[in-house]
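The primary structure of each chain is shown beneath.
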Amino acid sequence: MLLKDRLALVGLIIIVVIVTAGMLAPRLAPHDPLHIDLSLRLEPPGKQFILGSDHLGRCVLSRLLYGTGVSLKTSFLVLGMIMTAGIFFGTLSGYCGGLIDNIIISVIDVLLAFPGLVLALAIAGMLGPSLTNVMIAIAAVHWVGYARIIRGMVISIKEKEYVLAARACGSNSLQIVIRHILPNILSPIIVLATLDMGSIILTISGLSFLGLGAQPPNPEWGAMLNDGRTYMQVAPWLMYFPGLAILVTVMAFNLMGDGLRDLFDPRSLRRL
Amino acid sequence: MSYYIIKRLSYLFLVMLGVSILTFGLSRLTPGDPAELVLATRGVEPTREAISAIRQELGLDVPLPVQYVRWTKKLLQGDLGRSFRTGQPVSREIASRFPATVQLTLAGLLVMLCIAIPTGILAAIFKNTIPDHCSRVFALVGASIPSFWLGLLLITWFAVRIPLFPVMGRGTVRHLVLPALALGVGMSARYARLLRASLLEVLGQDYIRAARARGLREQLVILNNALKNALLPVVTAFGMSLGHLLGGTVIIETIFAWPGVGRFVVEAIFNRDYPVLQGYVLFMAVVFVLLNLAVDLSYRFFDPRIRLEGGQGK
């Protein structure tokens, strides 16, 4: 248990470092991430470029630093969209019941009938390649999972004595939802969101790698890997560093998510 | 059981109805007029007459509900429309590439099982010792590594530096090794941990204690008595992650130039070949739903506890 906590702390520290690096990118970056200098193309890591330069002579380290902001910002935005939609429809469905519940549940069931990545790929593909469209596509697919879990929690909470008591005191539905139901579902949802953050980063960078997400010259990690693919034999650093950046970031969120889950989940003792 | 199957099938029908409406709606997401797009791909000047002619040809001149009914009618006859680009029926294009995707998926599954089962068993036997810690690290890295990066690393190391395997394409078994690894390794991490947890739970049960008390050797207890029961939750989780596997092949196929449906659909996206994309989504949803049904039914079949509940009409 102690080990888990310590690992979660390590995850948190890595996340703080990454977020800070992303925010301070304009100060930390040794070069302009978009500055093209063809005379300095494919320079190996060394004095001039710490992590080397890419096929257009751009500094890989600077691009990675700016890319941190791109990846984190998009992932947090997607998570925000997912949670807003999930909480809204999940609460609506669970609290109101009846016809509204039936309609929302049917929509959820239909969306869950698709393999997630396939549907996201299709929506992004139909809308056309761009980072915004990828974000819309991922959010459109992912919110259903949250809505379903939240609906279940709301249904179990709404029969609790304190909700009945609040209703007896004359609170209206909106007050009950905001004051009594939402605070009780928030912490498990935050755990879930932390655990999901990793997979969202992976999906965004994966779709960008396919060329659907961030468009050049935007320094997104997945897109950088895609750019460097052609040169991976002569300039392997173009492939190693962006991949490593994704791996470390996703790992940090997974570490923290695992730790938080054990803290909040009473079944954690069983899971060992 | 039969009651359950009927209930499940009628539910399936409703879901498929929803899936068809959603897929039909997907094509409305495209920016611009599809008629102009078809003209552009055919290289025809988009005059007003040409556009109205093509709208009639594509059936775009009638209201949406009518379009949907017409589309569904064709769909039920296995007609997914024609590719804008090649002019070939989408169903045929997908069918000709699907075996390659199935082959890759099965190979990925095999890799996953070959890694996950031994790792999971070892981690459970040596709980909280070095093998268990190693499996924990492996699980963390496996869950966090981007499959496309793993694919690139495998190509660099085992196809370029040490030319053990071909870089890309399909043909011999050796072509299959690297893409299957890229697909299977990441997933195996999760299943190893899942198997470990479920094994540990089973190993604490009375019948295992009884088997041990009868003096059976520990390996036999694990292999004969425990593993069979421990695999059940793994099978359920497996059904749920089939979607990941089906979606995951898209990226792996693109990296390794594997001639399956995944790579085909990525090309279609960049060619704005929307009928192909639409057909692919629908096809994958049908495959996914049927696979889940199969997993669900087999789970009920193998676990008598659930079979009984099902028989009582749950």
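Being a predicted model, the structure only gives us computed values, none of them experimental.

Caption draft 1: Structural context of the overall build of chain B. When helices and strands are counted, chain B shows 13 helices and zero strands. Helices (α) and strands (β) of chain B occur, in sequence order from the N terminus, as α-α-α-α-α-α-α-α-α-α-α-α-α. The C-alpha extent of chain B, read off along each of the three principal axes, is 85 × 60 × 30 Å. In chain B, the share of contacts with a sequence separation of at least 24, taken over all contacts with a separation of at least 6, comes to 73%. When the 32 positive and 18 negative side-chain charges of chain B are each reduced to one mean point, those points stand 9 Å apart.

Caption draft 2: Region of the structure containing the overall build of chain A. Along chain A, the regular secondary structure elements total 11 helices and zero strands. Mapped from its N terminus to its C terminus, chain A presents α and β elements in the order α-α-α-α-α-α-α-α-α-α-α. Across the 272 residues that make up chain A, the buried fraction comes to 52%. Contacts in chain A between residues far apart in sequence, at least 24 positions, make up 69% of those at least 6 positions apart. A total of about 12,200 Å² of accessible surface is found on chain A, and carbon and sulfur atoms cover 68% of it. Across chain A, the 19 positively charged side chains and the 15 negatively charged ones have centroids separated by 4 Å.

Caption draft 3: Seen up close, the packing of aromatic side chains. Per the stated rule, a full pass over the model turns up eight aromatic pairs over all chains. With a centroid separation of 5.1 Å and an interplanar angle of 80°, the aromatic rings of Phe88 of chain A and Phe89 of chain A are classed as edge-to-face. Judged by centre distance (6.3 Å) and plane angle (35°), the rings of Tyr68 of chain B and Trp71 of chain B are tilted. With Tyr68 of chain B and Trp71 of chain B both in helix H4 (residues 64–76), this residue pair falls three residues apart, about one helical turn. In this structure Tyr68 of chain B comes out as buried when scored by relative accessible area, which is 18%. On the accessibility criterion, Trp71 of chain B (17% relative accessible area) is buried. Here the aromatic residues Phe88, Phe89 and Trp143 of chain A are joined through ring pairs into a cluster of three or more. For the cation-ring pair, Arg97 of chain B lies above Phe264 of chain B, with the distance from its terminal atom to the ring centre recorded as 3.9 Å. Lying across the ring of Tyr191 of chain B, Arg190 of chain B places its NZ or CZ 5.6 Å from the centre.

Caption draft 4: Expanded view of the pattern of salt bridges. All names here are of chain B. For the structure shown, the criterion picks out six salt bridges over all chains. In this structure, the salt-bridge partner of Arg193 is Asp132, at a minimum N-O distance of 3.2 Å. Remark: Asp132 occurs in helix H6 (residues 130–144) and Arg193 occurs in helix H8 (residues 173–203); sequence separation between them is 61 residues. Linking Arg196 and Asp132 is a salt bridge whose minimum nitrogen-to-oxygen distance equals 2.9 Å.

Caption draft 5: Highlighting the interface of chain B and chain A. Of the residues lining the interface, 53 residues belong to chain B; the matching set on chain A comes to 43 residues. Here chain B and chain A share an interface that buries about 4,100 Å² over both sides, 80% of which is from carbon and sulfur atoms. In terms of surface lost to chain A, no three residues of chain B exceed Phe148, Trp149 and Leu152 of chain B, which account for 15% of the buried area on that side. Remark: the boundary between chain B and chain A carries zero salt bridges. Inspection of the chain B/chain A interface yields four residue pairs in polar contact (both at pLDDT 80 or more). Of all the elements in the fold, those that place two or more residues in the side of chain B that touches chain A are helix H1 (2–26), H6, helix H7 (147–161), H8, helix H10 (218–255), helix H11 (261–270) and helix H12 (274–302) of chain B.

Caption draft 6: Geometry of the confidence of the model for chain A. Residues and elements named next belong to chain A. Looking at chain A, pLDDT values average 86 and 96% of them are 70 or higher. Mean pLDDT across the secondary structure elements of chain A bottoms out at helix H11 (residues 268–271), with 39, and peaks at helix H3 (residues 60–96), with 92. Low pLDDT, under 50, characterises residues 266–272; the predicted model gives this stretch 10 contacts beyond four residues in sequence or across chains.

Caption draft 7: Looking closely at the side chain of Thr249 of chain B. Looking at where Thr249 of chain B falls in the secondary structure, it is placed in helix H10. Non-local contacts of Thr249 of chain B, meaning those with residues more than four positions away in its chain, are made with Thr101, Leu104, Thr105 and Leu183 of chain B.

Caption draft 8: Summary view of the environment of Val90 of chain B. All names here are of chain B. Secondary-structure assignment places Val90 in helix H5 (residues 90–125). Taking the C-alpha atoms as reference points, Val90 and Leu80, 10 residues apart in sequence, are found 5.6 Å from one another. In this structure Val90 touches Leu80, Gly81, Arg82, Ser83, Pro275, Val276 and Gly279, once residues within four positions along its chain are discounted.

Caption draft 9: Structural context of the packing of H6 of chain B against H8 of chain B. All names here are of chain B. One way to put it is that H6 packs onto H8 with a least axis distance of 8 Å and a crossing angle of 135°. Taken together, the axes of H6 and H8 lie oblique to each other. In this structure, the crossing between H6 and H8 has a hand that is left-handed. For the pair H6 and H8, contact is made by Asp132, Ser135, Arg136, Phe138, Ala139, Gly142 and Ala143 and by Val185, Gly186, Ser188, Ala189, Arg193 and Arg196, respectively. Classifying every residue of the contact of H6 with H8 gives five nonpolar, four polar and four charged.

Caption draft 10: How the structure looks around unusual backbone geometry. Geometrically, the link from Pro216 of chain A to Pro217 of chain A is a cis peptide bond, its omega value of 5° lying close to zero. Along the polypeptide, Pro217 of chain A turns up in the loop between helix H8 (173–209) and helix H9 (221–228). The backbone phi angle of Arg272 of chain B is positive, close to 50°, even though this residue is not glycine. Along the chain, Arg272 of chain B falls in the loop between H11 and H12. Its relative accessible area of 36% is what places Arg272 of chain B among the partly exposed residues.

Caption draft 11: Focus on H6 of chain B. With 15 residues, H6 of chain B should reach 21 Å at 1.5 Å per residue; the first-to-last C-alpha distance of 21 Å fits that figure. Tucked into the core, H6 of chain B has its buried residues touching H8 and helix H10 (237–264) of chain A together with H5 and H8 of chain B.

Criteria and thresholds
- Residues numbered from 1 in each chain as written.
- Chains lettered and ligands numbered in written order.
- Predicted model: local features only at pLDDT ≥ 70, side-chain atom pairs only at ≥ 80, totals over all residues.
- Heavy atoms only, no water.
- Helix = DSSP H or I, 4+ residues; strand = E, 2+ residues; numbered from the N terminus.
- Contact = heavy atoms within 4.5 Å.
- Lys, Arg positive; Asp, Glu negative; His and termini not counted.
- Charge placed at Lys NZ, Arg CZ, Asp CG, Glu CD.
- Buried < 20%, exposed > 50% of the residue type's maximum accessible area, 1.4 Å probe, protein only.
- Areas by Shrake-Rupley, 256 points an atom, 1.4 Å probe, with all protein chains shown as cover.
- Phe/Tyr/Trp six-rings, centres within 6.5 Å; stacked < 30°, edge-to-face > 60°.
- Lys NZ or Arg CZ within 6 Å of the ring centre and 35° of its normal.
- Salt bridge = Lys/Arg side-chain N within 4 Å of Asp/Glu carboxyl O.
- Buried area = accessible area lost by both parts, 1.4 Å probe.
- Polar contact = N/O pair within 3.5 Å; in protein donor to acceptor, adjacent residues only side chain to side chain.
- pLDDT = per-residue confidence, 0-100.
- Axes fitted to C-alpha atoms, helices over the stretch in contact; angles between N-to-C directions.
- Parallel < 35°, antiparallel > 145°, perpendicular 65-115°, else oblique.
- Left-handed = near helix turned anticlockwise from the far one by under 90°.
- Nonpolar A, V, L, I, M, F, W, Y, C, P; charged D, E, K, R; others polar.
- Expected span 1.5 Å × (residues − 1).

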